Amino acid sequence: VKKSDVVQVILGTQYLQAPKNITGSAFAPTNIALCKYWGKRDQELNLPVTPSLSISLGKKGANATITVSDATHDEIILNDQLVNTDVPFSKRLISFLNLFRLSGTLAFTICITSNIPIAAGLASSAAGFASIVKALNGLYGWQLDTSSLSILARLGSGSASRSLYQGFVEWHKGVRKDGMDSFSEAIREIWPEFCIGLLIVSDKEKGVSSREAMQRTVATSALYSAWPQKVTTDLADIKIAIAEKDFNLLGKTAESNALTMHATLLSAWPPVNYAISETIQAMQKIWQLRNNGLEIYFTQDAGPNLKLLFLQKDLATIQTHFPTAEILQPFA
Ligand code: DP6
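Things to note about the site of the ligand
Around the ligand there are 17 residues in total, and Tyr37, Lys40, Ser157, Ser159 and Arg211 lie nearest to it. Here Tyr37 contributes a side-chain N or O atom positioned 2.6 Å from an oxygen atom of the ligand. The side chain of Arg162 places a nitrogen or oxygen atom 2.8 Å from an oxygen atom of the ligand. Among the elements that take part in the shell around the ligand, helix H5 (residues 210–220) stands out by supplying 3 residues, more than any other.

Focus: the environment of Ile240
Looking at where Ile240 falls in the secondary structure, it is placed in helix H6 (residues 227–244). Classification of Ile240 by relative accessible area gives partly exposed; the value is 39%. With 237 residues separating them along the chain, Ile240 and Lys3 place their C-alpha atoms 35 Å apart.

A word on helix H4 (residues 146–156)
Burial analysis of H4 places 9 of its 11 residues in the buried class, the great majority of the element. Taken together, the buried positions of H4 are Ser148, Leu149, Ser150, Ile151, Leu152, Ala153, Arg154, Leu155 and Gly156.

Observations concerning the sheet that holds strand S12 (residues 306–311)
Taken together, the 4 strands give an open sheet; going across it, the order is S11-S12-S10-S13, and neighbouring strands pair in antiparallel fashion. Each having just a single partner strand, strand S11 (297–300) and strand S13 (326–328) make up the two edges of the open sheet. Each adjacent strand pair in this sheet contributes to an overall mean axis angle of 25°, direction not counted. Across 3 bridges, strand S10 (residues 194–199) lies against S13 in antiparallel orientation. The partner of Gly197 across the bridge, within S13, is Ile327.

Describing the pattern of salt bridges
Summed over the entire model, instances satisfying the criterion amount to 12 salt bridges. For Arg176, the salt bridge goes to Asp178, with nearest N and O atoms at 2.7 Å. Classification of Arg176 as partly exposed rests on a relative accessible area of 43%. The partner of Glu295 in a salt bridge is Lys313, with the nearest N and O atoms 2.7 Å apart.

Focus on the packing of aromatic side chains
A complete count under the given rule lists 13 aromatic pairs for this structure. Measuring from centroid to centroid gives 5.3 Å for Phe96 and Phe100, while their planes differ by 70°, and the two rings are edge-to-face. For the pair Phe96 and Phe100, a shared accessibility class is recorded, and that class is buried. On the basis of an interplanar angle of 85° and a centroid distance of 5.6 Å, the ring pair of Phe168 and Phe194 is categorised as edge-to-face. Here the residue Phe168 occupies a position in strand S8 (residues 168–171), and Phe194 occupies one in strand S10, the gap between them amounting to 26 residues. Here Phe168 matches Phe194 in class, with each residue buried. The ring of Trp191 has Lys245 sitting right over it, with the charged end atom 5.8 Å from the ring centre. The lysine or arginine in question, Lys285, covers the ring of Phe322, its NZ or CZ lying 4.7 Å from the ring centre.

Considerations on the pairing of S12
For S12, the tally of buried residues reaches 6 of 6 residues, placing the bulk of the element in the interior. In S12, alternate side chains face the same way, and those of Leu306, Leu308 and Phe310 on one face and Lys307, Leu309 and Leu311 on the other are all buried. Examined bridge by bridge, S10 and S12 share 6 bridges and lie antiparallel to one another. Bridge pairing in S12 links Ile196 to Leu309. With 4 bridges connecting them, S11 and S12 associate as antiparallel partners. Along S12, the bridge assignment pairs Phe298 with Leu308. Connecting S11 to the antiparallel partner S12 that follows it, the hairpin turn spans 5 residues.

What about the nonpolar core?
Ranked by size, the top nonpolar core spans 45 residues in total, and within it Ile66, Phe100, Ile132, Leu136 and Leu152 carry the most contacts. For this core, the secondary structure elements donating two or more residues are helix H1 (3–11), strand S4 (52–69), helix H2 (88–97), strand S7 (107–114), helix H3 (124–140) and H4. Ranked by residues supplied to this core, first place goes to H3 with 9 residues. Once residues within four sequence positions are removed from consideration, Ile66 is found in contact with Ile22, Thr23, Gly24, Leu97, Phe108, Thr109, Ile110, Ile132, Ala135, Leu136 and Leu139. Counting 37 residues, the second-largest nonpolar core is a separate cluster that includes Phe194, Met214, Val272 and Leu309.

Each value, and the rule that gives it
Residues numbered from 1 in each chain as written. Predicted model: local features only at pLDDT ≥ 70, side-chain atom pairs only at ≥ 80, totals over all residues. Heavy atoms only, no water. Near = heavy atom within 4 Å. Polar contact = N/O pair within 3.5 Å; in protein donor to acceptor, adjacent residues only side chain to side chain. Helix = DSSP H or I, 4+ residues; strand = E, 2+ residues; numbered from the N terminus. Buried < 20%, exposed > 50% of the residue type's maximum accessible area, 1.4 Å probe, protein only. Pairing = 2+ DSSP bridges. Axes fitted to C-alpha atoms, helices over the stretch in contact; angles between N-to-C directions. Salt bridge = Lys/Arg side-chain N within 4 Å of Asp/Glu carboxyl O. Phe/Tyr/Trp six-rings, centres within 6.5 Å; stacked < 30°, edge-to-face > 60°. Lys NZ or Arg CZ within 6 Å of the ring centre and 35° of its normal. Core = buried A, V, L, I, M, F, W, Y, C linked by side-chain atoms within 4.5 Å. Contact = heavy atoms within 4.5 Å.

Encoded structure:
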């Protein structure tokens, strides 16, 4: 199944029709997975091996504005800077936009503004593709439901399927070959005391993309076969933790899930280690603080930075131990 087949099914008679408006604009939050998406059963459609569960970051995310232009080719403006259309970022974006227009018939000006630290390993592609799909929905006047938008965003980047909602979000893995049952849904529970701290230990670009690392892990890690069972258990525990506001269960499960993902990466060949010495030092500090009774946990994605998980009651303490961490309250 090709991406364009999926787009055709979702848009029906609206497929490759002219936009009803001149411009479309939308915001989407970024998200942090508490139970990770790691491994695809279909590379083309970004269909996952397992379900996953994330928390969206409120006002942290990307805004996309897409305007029909009379230029001969697309123009991409990222945070007020014109981006060369030859760089991988632009190529990926343009090939995504090509799914939605008769080739060569329409040029767009795409403005993306993001308030996420760019190299923070904060799944900036998630907010980017989700905001682009929402902006296209407005530009074309498709009036799609959120599940359909989630499927379209997934075609850009897997984790983008979760950025269509705020709060806790579950991405159903689905079983169909065409992925029509692989979309995200919001978990209604709110948890106002829930805090996240972005601990940036390095802003250098990551060496291996999550896309490449994921593929390598599935292909070469002897530990990968244990991953789906780990996700089944962790997903169930995180849902219980959310329903019962059991923060220790949530923190412990999310941290263990992330460390297990990184264990599969270390056992891939060539191995992938996203941690740098500052990452390990921060982990040891967190473990020590926890031994002393502080309810602090972390998660880590495809980069060296950590996301601290804690409750509002411990905010002042966390800030004294991690003065540089940017604090976010996703439900505020
Ligand atoms: C570690 O969604 O960036 O952040 O589908 O290839 O675009 P592609 O991958 P991507 O991978 C995210 C990996 C992760 C875990 C997660 O967000 O669940």
